[in-house]
There are 2 protein chains.
Amino acid sequence: MKGLTDRQQEILDLIKSNLENNGLPPTRADIARTLGFKSPNAAEQHLRAIEKKGFISILAGASRGIILNTEEALGIPVIGLVAAGGPILAQENIEKRIPQAHNILSNKIDYYLRVKGDSMVDVGIYENDLIGVNKKNPIKVGSIVIARIGEEVTVKTLESISSNQVVLKAENSEYSNIEINPEKDEIVFEGTCVGLLRDFS
Amino acid sequence: MKGLTDRQQEILDLIKSNLENNGLPPTRADIARTLGFKSPNAAEQHLRAIEKKGFISILAGASRGIILNTEEALGIPVIGLVAAGGPILAQENIEKRIPQAHNILSNKIDYYLRVKGDSMVDVGIYENDLIGVNKKNPIKVGSIVIARIGEEVTVKTLESISSNQVVLKAENSEYSNIEINPEKDEIVFEGTCVGLLRDFS
DNA sequence: TATTATACTGTATATAATCACAGTAATCAA
DNA sequence: TTGATTACTGTGATTATATACAGTATAATA
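Residues numbered from 1 in each chain as written. Chains lettered and ligands numbered in written order. Predicted model: local features only at pLDDT ≥ 70, side-chain atom pairs only at ≥ 80, totals over all residues. Heavy atoms only, no water.

(A) Representation of the overall build of chain A in the model. If you tally the helices and strands in chain A, you get four helices and eleven strands. The globule rule puts the C-alpha radius of gyration for 201 residues at 17 Å, and the 21 Å found for chain A is more than 25% above it. C-alpha extents for chain A along the principal axes are approximately 65 × 40 × 30 Å. Expressed as a percentage of its 201 residues, the buried residues of chain A come to 45%. Considering only intrachain contacts with a sequence separation of at least 6, the fraction spanning at least 24 residues in chain A is 50%. A total accessible area of about 10300 Å² is found for chain A, and carbon and sulfur atoms account for 48% of it. Positive and negative charge centroids in chain A, built from 23 and 27 side chains respectively, lie 11 Å apart. (Helix = DSSP H or I, 4+ residues; strand = E, 2+ residues; numbered from the N terminus. Rg over C-alpha atoms; globule rule 2.2 N^0.38 Å. Buried < 20%, exposed > 50% of the residue type's maximum accessible area, 1.4 Å probe, protein only. Contact = heavy atoms within 4.5 Å. Areas by Shrake-Rupley, 256 points an atom, 1.4 Å probe, with all protein chains shown as cover. Lys, Arg positive; Asp, Glu negative; His and termini not counted. Charge placed at Lys NZ, Arg CZ, Asp CG, Glu CD.)

Dropping the structure here:
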């Protein structure tokens, strides 16, 4: 799936906003009108290009037959157990997907991670909760981070960080801090926790 | 907003499932085909009736121009402060709405209620969390209930219940139990807590 | 240098889709 | 028993929409 050009991205965004605001996809004429094209065919050709790159599907013959294939449309992946070695978002780790519903949380959720263990109960994060992870937010002291240490993924509060020592704090008095020397052991920050979902059942 | 007939409900459900599965509303012909009508006009007339009852809007002249006006499409209301007196779901209590995203929680969410105070921290419910409330689940001892005592709405664990005593337990050792005699004081169970959303920001 | 992709205009047409009009039939309330 | 609502069939006009074909122009790629 290659990248879209700026113009193509504009059109994809227009389709998304049309779906969101009006509940249905736009017609070629709608697109042309909104973006100022004088021919609906300009929209047609853009749509073909976007389809070719895999971001949408076009239903032949159907009016407004534009279907999104974007990550947002598929839903946000829920990661259960992380298989040793590979990246967190690898296909085999995806337990299910849940519809993206913005307005719920103020930050973008790249994926949900199912919490194992009780090391964070003192900040109200319990086993089996789903934490919403944002990959791009800056990592700050005091924030709850998702870190990979060697092959293990863990959720902890970042207590302190320097070139030769990272301290991760478990929010449960029964656990002790994890101290890592990044010059010796591998530590990768996968993201920060920006939200939480819990299912009582 | 009057009730729909069975047939009209079927058509409304079909529109919803079309939107969910295909991402766009059906045409009159689609509806006729699916439900076995020999004339697309049958669908047209049903749509008019459903529109008249307020459940959808029809965009004149637009293909697939069917817009849902249902509660699900509007999103789940978020209740902040409950104004004294009236029902929880009164319009003035609705802070905003957030898109319904099923698959997230196993039970139906009728509304979200913003948590005030720290009386439930020991079960991981914090101030400003949004708890998902289901109105119809049976109230059981041990479940977290939303109760209205007089004019106040509170979230507590139901400890015990009998004809002359209801005990509500705060999940925070600094608070004491609330004991109510339903023969003397008014207590209404508004629902049970079936989910939780937290925004870290 | 030829080719491909991008980004359009402009015209035209087949068909997809809405929607009006004319009926039939059953049920229910006034 | 008249009228309204529900639940359709059947036909057809109008228009909304997708989409083919023919161009123009620019930039990037092989």
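(B) Here's a closer look at the protein's contact with DNA strand C. As a matter of local geometry, DNA strand C sits amid 25 residues, with Arg-7 and Gln-45 of chain A together with Asn-41, Gly-61 and Arg-64 of chain B nearest to it. Sugar and phosphate atoms form 75% of the subset of DNA strand C atoms that lie within 4 Å of the protein. Contacts to DNA strand C include Arg-7 of chain A, whose side-chain N or O atom sits 2.5 Å from a phosphate oxygen. Here a phosphate oxygen of DNA strand C and a side-chain polar atom of His-46 of chain A are 3.4 Å apart. Of all the elements in the fold, those that place two or more residues in the surface near DNA strand C are helix 1 (6–22) and helix 3 (40–52) of chain A together with helix 3 (40–52) of chain B. Among the residues forming the surface near DNA strand C, the class breakdown is five nonpolar, twelve polar and eight charged. (Near = heavy atom within 4 Å. Polar contact = N/O pair within 3.5 Å; in protein donor to acceptor, adjacent residues only side chain to side chain. Nonpolar A, V, L, I, M, F, W, Y, C, P; charged D, E, K, R; others polar.)

(C) Representation of the protein's contact with DNA strand D within the structure. Close contacts around DNA strand D come from 24 residues, with Gly-61 and Arg-64 of chain A together with Arg-7, Asn-41 and Gln-45 of chain B the closest. Within 4 Å of the protein, the atoms of DNA strand D are drawn from sugar and phosphate moieties in a proportion of 72%. Between Arg-7 of chain B and DNA strand D, the recorded distance is 2.5 Å, taken from a side-chain N or O atom to a phosphate oxygen. At a separation of 2.6 Å, a base oxygen of DNA strand D approaches a polar side-chain atom of Asn-41 of chain B. When residues of the surface near DNA strand D are traced back to their parent elements, those giving at least two are helix 3 of chain A together with helix 1 (6–22) and helix 3 of chain B. Take the surface near DNA strand D: its biggest share by element is four residues, from helix 3 of chain B.

(D) Summary view of the domain arrangement of chain A. For chain A, the assigned domains are domain 1 (6–69) and domain 2 (77–197). On a C-alpha basis, the centroid separation for the pair domain 1 of chain A and domain 2 of chain A is 37 Å. (Domains from an automatic or database assignment.)

(E) Broad picture of the relation of the copies chain A and chain B. With an axial shift of 0.1 Å and an RMSD of 0.2 Å, the rotation relating chain A to chain B amounts to 180 degrees. Accordingly, the operation relating the two chain copies is best matched by a two-fold axis. For chain A, the residue whose C-alpha comes nearest the rotation axis is Gly-124 of chain A, separated from it by 2.1 Å. In this assembly the copies share their binding face: 100% of the residues contributing to the interface of chain A also contribute to that of chain B. (Least-squares fit on C-alpha atoms with pLDDT ≥ 70 in both.)

(F) Seen up close, the nonpolar core. Judged by nonpolar contacts, the single largest core of 32 residues is most densely connected at Ile-131 of chain A together with Ile-131 of chain B. If you list the elements that add at least two residues to this core, you get strand 5 (111–114), strand 6 (130–134), strand 7 (144–149) and strand 11 (187–199) of chain A together with strand 5 (111–114), strand 6 (130–134), strand 7 (144–149) and strand 11 (187–199) of chain B. Core analysis: the next-biggest nonpolar cluster, separate from the first, contains 22 residues, Ile-76 and Val-194 of chain A together with Ile-98 and Leu-197 of chain B among them. (Core = buried A, V, L, I, M, F, W, Y, C linked by side-chain atoms within 4.5 Å.)

(G) Up close: unusual backbone geometry. All names here are of chain A. Positive phi, close to 75 degrees, is recorded for Asn-128, a residue that is not glycine. Tracing the backbone through its elements, the reader meets Asn-128 in the loop between strand 5 and strand 6. The partly exposed category is assigned to Asn-128, whose relative accessible area is 44%.

(H) Geometry of the confidence of the model for chain A. Confidence in the prediction for chain A averages 93 pLDDT; 99% of positions are at 70 or higher. Confidence scores differ between elements of chain A, with helix 4 (residues 71–74) of chain A showing the lowest mean pLDDT of 84 and strand 2 (residues 66–68) of chain A the highest of 97. (pLDDT = per-residue confidence, 0-100.)

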